[in-house]
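# Per-entry structural report
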Amino acid sequence: MSADQASRPAPARTPEPAGSPRPPRDRPAARPRRSPLRARLRRDWPLLAMVAPGAVVLLLFHYLPVLGNIVAFQDYNPYLGDDALQALTSSPFVGLDNFRDLFADPAFWDALWNTLSITAFQLVFFFPLPIALAILLNSILSRRLRGFVQTVVYLPHFFSWVLVVTFFVQMLGGAGLLSQELRDAGINPPEIMSNPDTFIVLVTAEAVWKDLGWGTIVFLAALAAVDPNLYEASAVDGAGRWRRLWHITLPSLRPVIVLLLILRLGDALSVGFEQFLLQRDAVGRQAAEVLDTFVYHQSIATGDYGFGAAAGLFKAMVGLVLILAANKVAHLLGERGVYSRS
């Protein structure tokens, strides 16, 4: 461009006459129209047929029994009428009397405190262990050794609680192997299986031995989805093993950890039944009574079904509040949680 052209003033823009049409603006693209229901059914019927059996089972065994919560507001008598439906409709309605009796019972508050204490203890000392075991197993290079270790740690999950408690009694009980060896060495053996002060540690150890290996499956699957190139790139940049663990492995596991933590909090008032029922007589009601065993002894064994239904409904409502609150906290932390709004 010459100096004369650069010094010339820019030509003035002629104003548009009034009333002249403006050029159309770019409009946002219209949303695609949804296909009709009949077309979608014709397209997705194989998937719907595959899901149908599970949906029927869920409806019959999970949602339909929810109607039975009306028992919590009745003086339910299963012998009224000829069938369960007539007994349900013939039992007198008592309103909130079952809940008043429940909250006035000191044994209920003892069972609730034991349940919450065991849940909190296991969240701290049991929940992180499957994560650590999954990380250790994932670091084993030999597939044969990894498969052997996985088989050994998974196997106790398939044992019943009767077998698990019997194993601990034979090993740690008053006449068990440990006590006999200590007596032979001239040492007075401690009470492990019948000590109410250490019962919370005992049941946590039993749960760890039984379910530790099984709980690592989800975390191993999450670790298998991590891109190995991330570890190679971080190693090239000079990151050590602990930095790779902190900046790659744990962030990759965080969505799964948050999801399982939410589900565990929603099930906080259900710590088990058989495990505590089998050891209740050995350590006493004050230490081993949880909500599930409380419902069994105070409702099913005595025939006061309305009282037990009130306790079960209370437990379900508390679990619902906990899982909704934990899911909300997960959303605030940037995680998806159990569900999220699209």
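Look a little higher up for the structure.
Everything numeric in this text was worked out from a predicted model, so none of it was measured.

## A short note on a nonpolar patch on the surface
A surface patch of nonpolar side chains, about 590 Å² in accessible area, is lined by Leu259, Leu263, Met317, Leu320, Leu324, Val338 and Tyr339. Of all the elements in the fold, those that place two or more residues in the nonpolar patch are helix H12 (241–266) and helix H16 (305–332). The leading source of residues in the nonpolar patch is H16, at three residues. In this fold, Leu263 is placed in helix H12. Judged by its relative accessible area of 41%, Leu263 is partly exposed.

## Some words on the packing of aromatic side chains
Per the counting criterion, the structure on display carries 17 aromatic pairs. Taking 5.1 Å as the distance between ring centres and 70° as the angle between the ring planes, the aromatic pair formed by Phe108 and Trp109 counts as edge-to-face. An aromatic cluster of at least three residues, connected via ring pairs, comprises Phe103, Phe108, Trp109, Phe294, Phe307 and Phe314. The positively charged end of Lys210 is found above the aromatic ring belonging to Trp161, 5.2 Å away from the centroid.

## Re H12
With 26 residues, H12 should cover 38 Å at 1.5 Å per step; its first-to-last C-alpha distance of 35 Å lies within 8% of that length. Approximately 45° is the largest bend angle found in H12, and it occurs at Arg254, with the proline Pro255 only one to four residues beyond. All buried positions along H12 are accounted for by Ile248, Thr249, Leu253, Val256, Ile257, Val258 and Ile262. Of the surrounding secondary structure, the elements contacted by the buried residues of H12 are helix H6 (128–138), helix H10 (199–224), helix H11 (228–236) and H16.

## Thoughts on the environment of Asp197
With respect to the secondary-structure elements, Asp197 resides in the loop between helix H9 (177–184) and H10. A residue is classified by how much of its surface remains accessible, and Asp197, at 67% relative accessible area, is exposed. Sequence spacing of Asp197 and Val283 is 86 residues, and the spatial spacing of their C-alpha atoms is 8.8 Å.

## A look at the pattern of salt bridges
If you walk through the whole model with that rule in mind, you get six salt bridges. Of the charged contacts in the structure, one is a salt bridge between Arg43 and Asp44, with a shortest N-O distance of 3.0 Å. Residue class for Asp44 comes out partly exposed when judged on its relative accessible area of 24%. As a salt-bridge pair, Asp97 and Arg100 come within 2.7 Å of each other at their nearest N and O atoms. Taken together, the residues span about one helical turn, with Asp97 and Arg100 both in helix H4 (residues 97–103) at a distance of three residues. Given a relative accessible area of 35%, Asp97 falls into the partly exposed group.

The rules we used
Residues numbered from 1 in each chain as written. Predicted model: local features only at pLDDT ≥ 70, side-chain atom pairs only at ≥ 80, totals over all residues. Heavy atoms only, no water. Patch = residues over 30% accessible without salt bridge, like charges linked within 9 Å, V, L, I, M, F, W, Y side chains within 5 Å. Areas by Shrake-Rupley, 256 points an atom, 1.4 Å probe, with all protein chains shown as cover. Salt bridge = Lys/Arg side-chain N within 4 Å of Asp/Glu carboxyl O. Helix = DSSP H or I, 4+ residues; strand = E, 2+ residues; numbered from the N terminus. Buried < 20%, exposed > 50% of the residue type's maximum accessible area, 1.4 Å probe, protein only. Phe/Tyr/Trp six-rings, centres within 6.5 Å; stacked < 30°, edge-to-face > 60°. Lys NZ or Arg CZ within 6 Å of the ring centre and 35° of its normal. Expected span 1.5 Å × (residues − 1). Bend = angle between axes of the 7 residues up to and from the residue. Contact = heavy atoms within 4.5 Å.

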